[in-house]
Structure formats: structure tokens, C-alpha cells
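# Secondary and tertiary structure notes
What follows is each chain in one-letter form.
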Amino acid sequence: MMKFVVVEDEKNVQEQIRELLRKISVQTEIDIEIEYFSKYNEKLQKEIDNTLYRKIYIMDIELDGGLSGMEIAEKIRENDWDSEIIFVTTHDQYFDKVHRQILEVFDFIEKFQDMENRLERDIRLILDKKADKKMLKINGNHVDVDIYMRNILYILRDKEERKSIIYTDTDDVTFKVSNSLVDLLEKLDSRFVQTHKSCIANKTRMIERNYAKGYFILDTGKQVDYISRKYRKGIDAE
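It should be emphasised that the depicted structure is a prediction, and the values quoted were computed from it without experimental measurement. (Residues numbered from 1 in each chain as written. Predicted model: local features only at pLDDT ≥ 70, side-chain atom pairs only at ≥ 80, totals over all residues. Heavy atoms only, no water.)

## Things to note about unusual backbone geometry
- With a phi close to 55°, arginine 162 is a non-glycine residue in the positive phi region.
- By the secondary structure assignment, arginine 162 is in the loop between strand 8 (152-158) and strand 9 (163-168). (Helix = DSSP H or I, 4+ residues; strand = E, 2+ residues; numbered from the N terminus.)

See below:
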């Protein structure tokens, strides 16, 4: 069973979503349960607080009265990082205002730009995919880090600051932690390997390795000049 929570104050859009979910339920033979809300209220908060099972939230951003969709998303992410959030909105400019790293929003869909087809595609992707929800959690004196491992590209050790800098796939978002590379490798899963005495990298995000010239290229297009033949055996291991 998959639980959907729809937060939408336009009745016609609510009905479009209802019909789409009915169709998907019939075609996939997945038992779907749906709760509808037109605004934030006590009942919705109880639904948010219930984290016993994973949900798919489909929400408008601008809601009449009370909290906005983004404010509701912040409440969801206070204790639920497994459920998916899809925003359906008439204002695509909100896309740039939401920090994907914080809210982990699956998609933004404009109501009047092929909404039903895009929403159906997203829902099917979510229902079909095997969720990668592994997280790196660090609680330090000056910084707390809770980040999906899939979003980590590489980690560099800064000798002068005596900090490890975690680089993510969100532009300009990094985290500085006191943990050594050895300590971080113990916390990370097998997709992370040491590529250099000062670097750990997510090898699933690498698209090219050049040991002769000492660099690797990530799927973001970024070149990182921290790879050494010394670590080649571990990097190339399946």
C-alpha cells in the first residue's frame, strides 16, 4: 500500500489528481490510500507526525489561509526524510527558492504545463524505484550534518584548517567537519573510496579516471585533481 497526501485548495486540480491516482492504482494493481487537504490543519499535522510508513505528498505551494506548501514541507522534513514531496504550482519561480538539499523535493510541476503527464511520470518513477535513503550523520561541536550519501560527490582534507570539506551535488553547498578521512570512510558505505591521501570520492558519481594526469571527472562535469595510482586497486574494485 502507498499513502498519498494531497494538499491542494483548487477543487478542479484536486479532482485531476484523484482521477490520475485512480488510473495508476488500476494499472499497477498497487493499493493506494489518499488523504485530501485544502490547507494546513491539525489533522494534516497528525498525518505528518505519523512516520510509520512512507508517503508521497503532492502539494500546492500557495494555499489560501495558513501555511504555504513550502512551510508544510519544512514540517515534514523535521522528522520524515523517507517520504517524497512533489510541488504542483502556478509559480515556477519558486523552484529557485527551495534548497533541494534541505527539503529533498522530488519535482516541481507547473499546473498548466502538461501537469497530468508529468505528475504520472513522477509517481510511476517513485513507485518503481528502489529508494536510496542512506545518510551520513555527524553531530559535532559546531556543525550537524544530515545528508544523503547519494548527494555527496567527494571529500577533501584541508591540512591548514584541519577540517574535512564535504562537496555535494548542489551548487556551492559544502560542509566542513572535524572528522578525519579515516573516520568518515568508516561512516560511509562501499560506494566511497580513498582516491588520494587527501581525498575520498563517491565512485558511482565518477565518469572518468585519469591516473596518469591525476584527476577524475564527476557526472556533474567537474574535474577533481585528487587521484593517485597508489589507491587504484580500491578505486577500480567492483
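On we go.
## So, the sheet that holds strand 4 (residues 84-89)
- The strand order 2-1-3-4-5 describes an open sheet built from 5 strands, whose pairing is parallel. Both edges of this open sheet fall to strand 2 (32-37) and strand 5 (107-110), since each of them pairs with a single strand only. Each strand of the sheet is rotated relative to its neighbour by a mean of 20°, with strand direction disregarded.
- One ladder, built from 4 bridges, connects strand 4 with strand 5; its direction is parallel. Looking at the pairing, isoleucine 86 lines up with aspartate 107 of strand 5.
- Lying on the sheet, helix 5 (residues 115-128) is in contact with strand 1 (2-7), strand 3 (55-59), strand 4 and strand 5; it crosses strand 5 at an angle near 160°. (Pairing = 2+ DSSP bridges. Axes fitted to C-alpha atoms, helices over the stretch in contact; angles between N-to-C directions. Contact = heavy atoms within 4.5 Å.)

## Side note on the nonpolar core
- Counting 19 residues, the largest nonpolar core has Phe4, Ile17, Ile56, Ile58, Ile86, Leu119 and Ile123 as the members making the most contacts within it.
- Of all the elements in the fold, those that place two or more residues in this core are strand 1, helix 1 (11-28), strand 3, strand 4 and helix 5. (Core = buried A, V, L, I, M, F, W, Y, C linked by side-chain atoms within 4.5 Å. Buried < 20%, exposed > 50% of the residue type's maximum accessible area, 1.4 Å probe, protein only.)

## Things to note about the pairing of strand 4
- Summarising burial for strand 4: 6 of the 6 residues are buried, a large majority.
- Residues Glu84, Ile86 and Val88 of strand 4 are buried on one face, and the alternating residues Ile85, Phe87 and Thr89, pointing to the opposite face, are buried as well.
- For the handedness criterion, the β-α-β arrangement of strand 3, helix 3 (residues 69-76) and strand 4 is classed as right-handed. (Right-handed = clockwise from strand over helix to strand, strands pointing away.)

## Structural notes on helix 3
- Within the sequence span of helix 3, burial applies to Gly69, Met70, Ile72, Ala73 and Ile76. Projected down its long axis, helix 3 shows its buried positions confined to an angular sector of 155°, all on one face. (Arc of directions from axis to C-beta.)

## Focus: the side chain of asparagine 210
- With respect to the helices and strands, asparagine 210 occurs in strand 13 (residues 206-210).
- In terms of polar contacts, asparagine 210 uses its side chain to reach the backbone amide nitrogen of alanine 212, at 3.2 Å.
- From its side chain, asparagine 210 meets the backbone nitrogen of lysine 213 in a polar contact 2.8 Å long.
- Filtering out sequence-adjacent residues up to four positions away, asparagine 210 remains in contact with Tyr215 and Ile227. (Polar contact = N/O pair within 3.5 Å; in protein donor to acceptor, adjacent residues only side chain to side chain.)

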